[in-house]
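# Observations on the model geometry
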Amino acid sequence: MRQTILFDLDDTLVHCNRYFFMVIDQFADWMADRFRREGLDPAEVRRVQAEIDIAGVQVVGFDSEHFPRSFVETYRHFAAQFGVKPSRDDEETVRRLGRSVYELETEPYPHMEETLDRLKEEGHELHLYTGGEPEIQRRKIDKFNLQRYFGSRIHIRRHKNADALEQIAASCGFDRSRTWMIGNSLRTDVIPALKAGIHAIHVQAETEWQYNIARVDVEPKGAFIRLKQLIDVPEAIAGYVRTRMVR
């Protein structure tokens, strides 16, 4: 039975968190060196940056300037704490470091093509639903030639939440009893899907961003499945559909 399947991009199909964490570690080390006399611990830098990052993304969404801005705000936080006058050169250095994450080469998650190939061959309608800036997300889409699976069914939103998914589901006229959301984020993939009355599959990320971790307190109207590997998605969907057909 043909299904409509929406895939998240970052940390579902392609790696993302690992690059952000790498740059955050570089930033924390830079900050510890800059405030060496004050005895700044890199772990404290990472904690404060995470708080600033998460607080901001809830307001501006997945804006590309937000991440480097969180570095600047973290630098200012510790400069004020230690009574040090902020330096424009320092601020520009950490801003450039934050922006460097968007220049790193991304890699696909294991079995990305195999998973999408199987679902396409089985005749399902595949959609890509991702959060971020169109230019940045399009570069990833083009690099891995994901149009061959999704065609024009690509939805990029700065705010990835229940309202955004509801708008997509309504505008595309999805049959919600045959629609699935596949993603690593409980906050932006799973919970919005369950609120929209569609099936959800949570695929565990290699490393998870704190923002994506949330308590699932929505009662599923259909399936809510947790998997450790992307490759298991096709059989999970097929198994659920077979069970429903038997009933």
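Calculation criteria
Residues numbered from 1 in each chain as written. Predicted model: local features only at pLDDT ≥ 70, side-chain atom pairs only at ≥ 80, totals over all residues. Heavy atoms only, no water. Salt bridge = Lys/Arg side-chain N within 4 Å of Asp/Glu carboxyl O. Helix = DSSP H or I, 4+ residues; strand = E, 2+ residues; numbered from the N terminus. Buried < 20%, exposed > 50% of the residue type's maximum accessible area, 1.4 Å probe, protein only. 1 Å grid on protein atoms, 1.4 Å probe; cavity = no way out; pocket = protein on both sides within 12 Å on 5 of 7 lines; lining within 4 Å. Points joined across faces, edges and corners; volume = space filled by probe spheres on them. Nonpolar A, V, L, I, M, F, W, Y, C, P; charged D, E, K, R; others polar. Pairing = 2+ DSSP bridges.

## Brief notes about the pattern of salt bridges
Counted under the stated rule, the structure contains 25 salt bridges. Note that Glu-206 is salt-bridged to Arg-18, the shortest N-O span being 3.0 Å. Of this pair, Glu-206 sits in the loop between strand 5 (199-203) and strand 6 (224-227) while Arg-18 sits in helix 1 (residues 17-34), placing them 188 residues apart in sequence. Assessed through its relative accessible area of 46%, Glu-206 is described here as partly exposed.

## With respect to the layout of surface pockets
Within this model, the largest pocket holds a volume of roughly 860 Å³. Around the largest pocket, the lining is made up of 45 residues, and of these Asp-10, Cys-16, Phe-20, Tyr-102 and Lys-140 lie nearest the centre. Among the secondary structure elements, those contributing two or more residues to the lining of the largest pocket are helix 1, helix 2 (42-60), helix 3 (66-81), strand 2 (125-131), helix 6 (134-143) and helix 9 (186-195). Class assignment of the residues belonging to the lining of the largest pocket gives a composition of 14 nonpolar, 16 polar and 15 charged.

## Considering unusual backbone geometry
Here Asp-11, not a glycine, exhibits a phi torsion of approximately 65°, which is positive. Assignment of secondary structure puts Asp-11 in the loop between strand 1 (4-7) and helix 1. The exposure class assigned to Asp-11 is buried, which follows from its relative accessible area of 3%. Positive phi values are uncommon outside glycine, yet His-111 reaches one of about 70°. Residue position: His-111 is located in the loop between helix 4 (88-99) and helix 5 (112-121).

## Observations regarding the pairing of strand 1
Burial of the side chains of strand 1 extends over both faces: Thr-4 and Leu-6 are buried on one face and Ile-5 and Phe-7 on the other. Pairing of strand 1 with strand 2 involves four bridges; the strand directions are parallel. Note that in strand 2 the partner of Thr-4 across the bridge is Glu-125. Where strand 1 meets strand 4 (residues 179-183), four bridges bridge the pair, whose relative direction is parallel. Looking across to strand 4, one finds that Leu-6 is bridged to Met-181.

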